[in-house]
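Coordinates in review
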Amino acid sequence: MTKMRYETDFNRRMRQLITDAWEIFQNKVGNGHLEINKEASMQLHYAYILNSLLPHYIFSHDETATLELETGVKVNGTTKEIDLLLQCSKAGNKNNIAIEMKCYKEYASSGGKRGATDIFMKDVYYDLHLLEQYCQQSDPKIHAGIELVMTDLERLIYPKSKDAKCWDYDISHGTQISNISLNTPIGGKDVNFAIKKQHDFIWVQNGSYWFTIIEGID
């Protein structure tokens, strides 16, 4: 029997929890055990898995962790809502981890094509921008950020060409970004935001879906 290895460091163990829950989620979705219709169902199913695992990653009496959905935080006087917030504490030392999630399916549950892939790509980038902002200046303080993304549209992962303007928000496999400013209009709306840190898009296929986790935002 394979022995499961847990991190002894509490903060790293909480990161392990998020990653382990993501891998379980991928396998359930990829093998058809979970049906994801849109981003809301992705958030709810992943949150359920994460919250179910959470007690098994608490080892000491001075460790606590709770999960909140759609938590409001203030950034530069503006209230934003974090998809999932994992609030952790070890011996009174807090470690709040923000999780943003994005999902794009080619077909809606009604059977029609969704369209607006350019908005999805831009929003993936914008969530990275938000996570960086949260870690810099939010109230309450966010100590780390993670983005989870899934899609069933393979051409976003392995495009045949990148001629369209939406590829200014390149999310294809192997893409690496850092210290960039984004201002290409999408969906008829102006865009103006920046991403400072380095982020890598490494996608994993499971069934007919592709999944990526972008970590290291703090």
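Definitions and limits used
- Numbers given to residues run from 1 along each chain, matching the order in which its sequence is written.
- Where local features are concerned, this predicted model is filtered to residues with pLDDT of at least 70; where side-chain atom pairs are given and counted, the filter is 80 or more; whole-chain, interface and lining totals use all residues.
- Only heavy atoms go into the side-chain values, all of them from the structure, while hydrogens and water stay out.
- Runs of H or I in DSSP of at least four residues are treated as helices and runs of E of at least two as strands, each being numbered from the N terminus.
- Any residue under 20% of the maximum accessible area for its type is buried, any over 50% is exposed, and the rest in between are partly exposed; the area is computed with a 1.4 Å probe on protein chains only.
- In what follows, residue pairs with any heavy atoms lying within 4.5 Å of each other are defined as contacts.
- The set of buried Ala, Val, Leu, Ile, Met, Phe, Trp, Tyr and Cys residues whose side-chain atoms join them within 4.5 Å is what this entry labels a nonpolar core.
- Note on pairing: two strands pair once DSSP finds at least 2 bridges between them.
- For helices, the axis comes from a line fit to the C-alpha atoms of the stretch in contact; other axes are also lines fit to C-alpha atoms, and the angle between any two N-to-C directions lies between 0 and 180 degrees.
- Angle categories: roughly parallel below 35 degrees, roughly antiparallel above 145, roughly perpendicular from 65 to 115, and oblique for all the rest.
- For a crossing to be left-handed, the near helix must be turned anticlockwise from the far one by less than a right angle; the clockwise case is right-handed.
- Gly is placed with the polar residues, together with every amino acid not listed as nonpolar (Ala, Val, Leu, Ile, Met, Phe, Trp, Tyr, Cys and Pro) or charged (Asp, Glu, Lys and Arg).
- Put simply, a salt bridge is a Lys or Arg side-chain nitrogen that is within 4 Å of an Asp or Glu carboxyl oxygen.

The subject of this paragraph is the environment of Glu70. Note that Glu70 resides in strand E1 (residues 63–75). For Glu70, a relative accessible area of 37% translates into the label partly exposed. C-alpha separation for the pair Glu70 and Leu84, spaced 14 residues apart in sequence, amounts to 6.1 Å. Once residues lying within four places of it in the same chain are set aside, the contact partners of Glu70 are Gln43, Glu81, Ile82 and Asp83.

Let us look at the nonpolar core. Residues Tyr125, Tyr134, Ile171 and Phe201 are the most contacted members of the largest nonpolar core, which totals 35 residues. Residue assignment for this core shows that the elements contributing at least two residues are E1, strand E2 (78–90), strand E3 (93–104), helix H3 (117–137), helix H4 (154–157), strand E8 (193–195) and strand E11 (209–217). If one sorts the elements of this core by residue count, H3 sits on top with nine residues. Leaving out residues up to four positions away in the same chain, Tyr134 has contacts with Val73, Val75, Lys80, Glu81, Ile82, Ala98, Glu100 and Ile142. Grouped together as the second largest cluster of nonpolar side chains are 33 residues, Leu34, Leu50, Leu86 and Tyr209 included.

Right, let's get into the environment of Gly92. Following the sequence through the fold, Gly92 ends up in the loop between E2 and E3. Along the chain, Gly92 and Glu63 lie 29 residues apart, while their C-alpha atoms are 8.4 Å from each other.

All right, on to the sheet that holds E3 then. Here we have seven strands laid out as an open sheet, ordered E4-E1-E2-E3-E5-E11-E10, and mixed in their pairing. The sheet is open, and its two borders are formed by strand E4 (138–139) and strand E10 (204–206), each paired with just one other strand. Alignment of E10 against E11, held across three bridges, turns out to be antiparallel. Within E11, the residue paired with Asn206 across the bridge is Tyr209. Where helix H2 (residues 39–53) meets the sheet, it contacts E1, E2, E3 and strand E5 (144–151), and its direction lies at approximately 145° from that of E3.

Running from N to C, helix H1 (residues 10–30) and H2 point in directions that differ by 125°, and their axes come no closer than 9 Å. Considering their axes alone, H1 and H2 lie oblique with respect to each other. Note on packing geometry: the crossing formed by H1 with H2 is right-handed. On the side of H1, the interface is formed by Leu17, Ile18, Asp20, Ala21, Trp22, Ile24, Phe25 and Lys28, while H2 contributes Met42, His45, Tyr46, Ile49, Leu50 and Leu53. In terms of residue class, the contact of H1 with H2 is built from eleven nonpolar, one polar and two charged.

Attention shifts here to the pattern of salt bridges. According to the stated counting rule, one finds nine salt bridges in the structure shown. Between Lys162 and Asp170 there is a salt bridge, with the nearest N and O atoms lying 2.6 Å from each other. In this structure Asp170 comes out as buried when scored by relative accessible area, which is 12%.

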